[in-house]
Each structure stands twice: as C-alpha cells, then as structure tokens.
Amino acid sequence: MRGPLRSVGIYLLGFASLFLIWHVAATWILNSVLFPPPWRVVVKAIELARDGTLEEQVSASLGRIAAGFAGGSLIGIPIGLAIGSFPIVRRLLEPYTEFLRFIPATAMITVAVIWFGIGEGSKIFLIIYTTVFIVIINTAAGVSAVAPNKIRAARSLGASSAQVFFFVALPATVPYILTGMRLAMANSFVTIIAAELVAANNGLGKMIWDSRLYMLVDQIFVALLVLGLLGFTADRLFRWGIYAFAGRFSPVT
Amino acid sequence: MSLVELAGVAKVYRSLQGGDYTAVRDFSLEIRPGEFFCLLGTSGCGKTTVLNMVAGFEAVSAGTISIAGRPVAGPAADRGVVFQGDDSLYGWLSALGNVEFGLRMRGMAAAERREKAHRYLELVGLTGQDHKHPHELSGGMKQRIQIARVLANEPQMLLMDEPFAALDAHTRADMQHELKRICSTTEKTVLFITHDIDEAIILADRIGVMNAGPASKLKGIIDVRLQESERERTHDRFVAVYRQVHEMIRDEVAISLKRAQ
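This is a predicted model, so every value here is computed, not measured. Position labels on residues start from 1 in each chain and follow its written sequence. Chains and ligands are labelled sequentially in the order written, the chains with letters from A and the ligands with numbers from 1. Where local features are concerned, this predicted model is filtered to residues with pLDDT of at least 70; where side-chain atom pairs are given and counted, the filter is 80 or more; whole-chain, interface and lining totals use all residues.

Chemist: What exactly am I supposed to notice about the overall build of chain B here?
Modeler: Scanning chain B for helices and strands turns up 8 helices and 10 strands. The quantity called the radius of gyration is restricted to C-alpha atoms. Its globule counterpart is 2.2 Å times the number of residues to the power 0.38. Against the globule reference of 18 Å for 261 residues, chain B gives a C-alpha radius of gyration of 19 Å, in line with a compact fold. In terms of principal-axis extent, the alpha carbons of chain B reach across some 50 × 50 × 40 Å. Per-residue burial over chain B gives 44% buried out of 261 residues. Numbering of helices and strands runs from the N terminus; a helix is a DSSP stretch of H or I covering at least four residues, while a strand is a stretch of E covering at least two. Put simply, a residue is buried when 20 or more other C-beta atoms lie within 10 Å of its own C-beta and exposed when 12 or fewer do; between those, it is partly exposed, and each C-beta is set from the backbone.

Below, the structure is given as structure tokens:
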C-alpha cells in the first residue's frame, strides 16, 4: 500500500486504537457503570437514532451552528477587510475587537438568555459572537500581510485603487479568511454545547444535561461520541471544500 | 530628446527618532528612447530608491522626474516594473492570468487579451506553460512571467530592479541573454538596476555608476559600445570595458565596506 490509501489506512488504525483503549479501560481497568464501553454506547446510539431523538438533538445543534457561523462570517469578513485596509477604521474598531474578544462567548451565555430568551435567538447570537472576532482578526491580518510588491505591480500595470482591492488584496486574503473560519467552526462547537447546557429546549448540550439528571451515562456518551464525529466531519468538509473550490487559495500550500 | 529625465533629484527619509537620512542627493540623469541603461552601484547606495521614484512608488524630496516631458505622479501603466523576488506575482492566477492582468484591468476583451498574453509567454520562452501557477514554476520561469506580464502591457519603458539577483549563476546567464534578445526585438527603453559589473556590461548600452551612499549621486557614465559578439566575459573588448567600470566603482566599494563595519 502506498500514497493516499496508505495514509487512510494509518488513519483508520489510529481511530481503531482509540476505541480499543476505550474498550480496555472501560471493561477491565475501571469496570464501572459510570464509564460505558464503546459497544454499549453504540447500541444506545442506534436505539436513540431509531426513535428519532438523536436526529432531533443533532439537527437542533447543527442548525444553530450553521446559522450563527454563516452570520458571523458574513459580518466578520467585510469588517476585517475594512480594518486591514484603512488605518482609521482599525483605530476606530480595535477597542471593540481587542476588548470583546477576551470576553468568551461562554461568559455571555446568561446575558444572551436574558436578552434573547432560551430559544434560537440566544444560541445564534452566541455563535455569531464566537465566530465574528476570529474571522475579523484573521481577515485583517491577511490584508496587512499582502506583499507590497503585489500592490505596486498592479498599480504600474494600470490598476485603479478599487481594482487593487478586488483583484489583488481580496484574493490574496482568502487563505487567511478560510483559516479564520475554520478556527471559528471549532469554537462554535464549544459554544453551542455550553449554551445548551445552561438553557435550551433541545440540542446535544440539553441532551447531556437531561441525561445527567437521570444518570443515563450511556446517553451522555452517545452525545459525546456524536459531537466528536460531527466536529471531525465538519472540519474535514471545510478542508475538502477549500481544496475542491479554492485550491489555489489554499492556506496549506 | 530624452525619454526619462531626472534633474537634481533628492530623497530624504525621516526616521522615527527624528533624524534625517539622505539616500540620494542632486541626482541627474537622462535616458534616451530605446536605450538599455544600467544603473550600477554598491549595496545600499540608493539605486533602488532611484528606481522607486521613477516608478512613482516613492515621491521625490527635491528635483524633478519626467517621462516624455510629463512629470511623474505615482505609478502608471507607461512604466512597467520587474521586481527582484517573486512576491509580486499573483499566486492564485495561472501564468496566463498573471500576464493578462494589466490588460484585464484596462478592460481589454477576453479573447483579445488571451491571445496577446499567449504571444508574450511565447516570446519569453514559456510556450505550453500557460495554465501553470507560479508555485509550480522555477525561479527563472517566474521572472520570465514577470517580464511577459510587463511587456504584454506595452509600457513606454521597463524598470527592472535586480531581476536576476536571486537566480542561480547558470539561470542568470541564460536570462541575461534572453532579455537582451527580447529587448532588441521589442526596442524597449530599459532602466536596469544591478550591482553586478558583468551583468551591466552584457546588457547595457550605457552604464551609470553611483557613489556609495548616503547622499549618493551619479559618479559617471560609461558608453559600452560593444557588438553582440563582443559581449562575452573573455572577449578583449569586454575586459577593457570591465577595467573602465571597475576603475570607477572600486573606491565606492571600499567606502561602502568601511561604512558597513
């Protein structure tokens, strides 16, 4: 085996070892009802998938992440571009970005619930909040990192200021924007669970919290397993999307 | 009538600590249409500063620069610039996309600019590389893209800032001959910056030698007057010109070395 097949094989081996260690630890070392082995979690997961509970919780959480992540990116990218392009905008907005980004979204949960209730509003607000600053900072850094010679070359080829922005600065910044969005995606998973733990009608965080009340440890582990899988899949999809649709902007190469 | 005229040009940089640094002072030079002019100087003598002012990237502190009688006010399409490194190329565009960039900015129709860009890629010896991206190409090929990009835009003159300095010796020699060939076909006016005496003699119609910085100016101009067949490092007449240039720049090298210590 060689090339991509080999790397996929090694990957699967890594995953297999994770489940094996889990199994050994749960069955022989700890052997406690408080730490279920993987097969029990999988059986429980199938059961929850059959009766529709799992789908409801997953789609609730994912829907919130998708809405907030899209909103945060749409707000963050233009602001980041403006901060990176105009020193005056940077000075005006830096108090916001440099102040607010140190207040974690999890610290804003109670405020969000008071303002927007325990429904979708507070969740989407928190995901936007957790997304927007990372996207802004990465986008602005990207604009500042554009090689001055790229801009000089464009000017002496006859490009106007607007053309320099749209045809040079913007495409040169895309890798930074995508990196910011990828980091924001990871943060969104943290934030949504925390928010749903505190106050929500459904979602994976709510599922974990409810399971705790009834000591349904298997069910907690189902939520954890699903979270890991969802996060992993979302990140892979994002990376795959970068390669497929914006390979030439790829931050990796 | 000269195409480029620098008259009493000075450039003063103000440092953050408040002190002034005069890079060039009282710099005057005229370049004729169709001429290949090499500006030769030791490192740190301000030759890039001169090019940046002609390109319009930096403003003069005193004096005037005019192109065909019109004073320079910022960069414009009449002066194409070839940079030393490859960071001026657009990594997200193909070789063809890079070469047609200027034409696209100026609104030329797609089919027409494609055809033209393609022709210039051929001229610089990049036939069949149209769809490759800069990161897939070697250093020498990337400099060829830069040259094609500037030529396709059909500027009045080329400004080249040590474009071959980062290349290996073999590729550099290749590129020097290619450039010579391209320039005799297109009859472009060129201002070429270098610190390499050999390179200057191989390429130039005239060589301007600069004083060591700071506050440097033009020390003297040497007419090269060599036939193409004489532009070989071992040719007697080449060696004679080399001596002449070396004579002029030797003291400046000594001064700049002393300053660096």
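Now that the structure has been shown, we can carry on.
Chemist: I tried to follow the domain arrangement of chain B on my own but got confused; where do I start?
Modeler: Accessible area lost during the coming together of the parts is what is often quoted as the interface size. Residue and element names in this part refer to chain B. What the domain assignment lists for chain B is domain 1 (4–78 + 156–260) and domain 2 (88–154). The domain boundaries here were taken from an automatic or database domain assignment. Of note, the centres of domain 1 and domain 2, computed from C-alpha atoms alone, are 26 Å apart. If you look at the interface, domain 1 gives 12 residues, while domain 2 gives 12 residues. In terms of residues, the side of domain 1 that touches domain 2 owes the most to one element, helix H6 (residues 169–186), which gives 6 residues. A class-by-class count of the residues in the side of domain 1 that touches domain 2 yields 8 nonpolar, 2 polar and 2 charged. The contact criterion used is a C-beta to C-beta distance within 7 Å, with each C-beta placed from the backbone. Gly is put with the polar residues, along with every residue not named as nonpolar or charged; the nonpolar set is Ala, Val, Leu, Ile, Met, Phe, Trp, Tyr, Cys and Pro, and the charged set is Asp, Glu, Lys and Arg.

Chemist: Explanation requested: the domain arrangement of chain A in the structure shown.
Modeler: Residue and element names in this part refer to chain A. Taken domain by domain, chain A comprises domain 1 (1–31) and domain 2 (33–249). Contact residues are listed per partner, giving 6 residues for domain 1 and 4 residues for domain 2. Looking at side-chain class alone, the side of domain 1 that touches domain 2 contains 4 nonpolar, 2 polar and no charged residues.

Chemist: Help me understand the nonpolar core in this model?
Modeler: One broad rule of soluble globular proteins: the nonpolar side chains tend to lie buried together. Take the buried Ala, Val, Leu, Ile, Met, Phe, Trp, Tyr and Cys residues, join any whose C-beta atoms are within 7 Å, and the set you get is a nonpolar core. Formed by 128 residues in total, the largest nonpolar core has its most connected members in B:Val54, B:Ala148 and B:Leu191. Here the element with the most residues in this core is helix H6 (residues 120–144) of chain A; it accounts for 14 residues. Excluding residues within four positions of it along the chain, B:Leu191 makes contact with B:Val4, B:Ile31, B:Phe37, B:Leu39, B:Leu51, B:Val54, B:Met157 and B:Leu159.

Chemist: How should I be thinking about the confidence of the model for chain B in this particular structure?
Modeler: For any part of a model where pLDDT is low, the fine detail of the predicted coordinates should not be relied upon. All names here are of chain B. On average, residues of chain B carry a pLDDT of 88, and 99% of them reach 70 or more. Every residue gets a pLDDT, meaning the predictor's confidence in that residue, from 0 to 100. Between the elements of chain B, mean pLDDT differs from a low of 81, seen in helix H8 (residues 236–260), to a high of 95, seen in helix H3 (residues 101–105). Predicted complex metrics record ipTM = 0.89 and pTM = 0.82.

Chemist: Is there a simple way to explain the sheet that holds strand S2 (residues 20–31) of chain B in this structure?
Modeler: Hydrogen bonding along the main chain pairs the strands of a sheet, whether they run parallel or antiparallel. Residues and elements named next belong to chain B. Pairing between two strands requires that DSSP report at least two bridges joining them. Within the open sheet, the 4 strands sit side by side as S2-S1-S4-S5. Their pairing is antiparallel. Every interior strand has two partners, whereas the edge strands, S2 and strand S5 (70–71), have only one. Two strands pair when backbone bridges link them, and strand S1 (residues 4–14) and S2 are joined in this way by 8 bridges, in the antiparallel orientation. The residue bridging Val9 from the neighbouring strand is Phe27, located in S2.

Chemist: I keep staring at the interface of chain B and chain A and nothing clicks. Help me out?
Modeler: Counting from both sides, the interface comprises 20 residues of chain B and, opposite them, 16 residues of chain A. A per-class count over the side of chain B that touches chain A returns 11 nonpolar, 6 polar and 3 charged.

Chemist: Help me understand H6(A) in this model?
Modeler: Residues three or four positions apart in an α-helix share a direction because the helix packs 3.6 residues into each turn. A rise of 1.5 Å per residue sets the reference length of H6(A), with its 25 residues, at 36 Å; its end C-alpha atoms lie 36 Å apart and thus fit the reference within 8%. Burial analysis of H6(A) places 21 of its 25 residues in the buried class, the great majority of the element. The span one expects for a helix is its residue count, reduced by one, times 1.5 Å.

Chemist: Mind showing me how you'd approach unusual backbone geometry here?
Modeler: Excluding glycine, most residues fall at negative phi; most peptide bonds, likewise, are trans. The phi dihedral of A:Met215 falls on the positive side, at around 55 degrees, and the residue is not glycine. Here A:Met215 lies in the loop between helix H9 (204–213) and helix H10 (217–246). Its identity as a non-glycine residue notwithstanding, B:Asp26 has a phi of 55 degrees, on the positive side.

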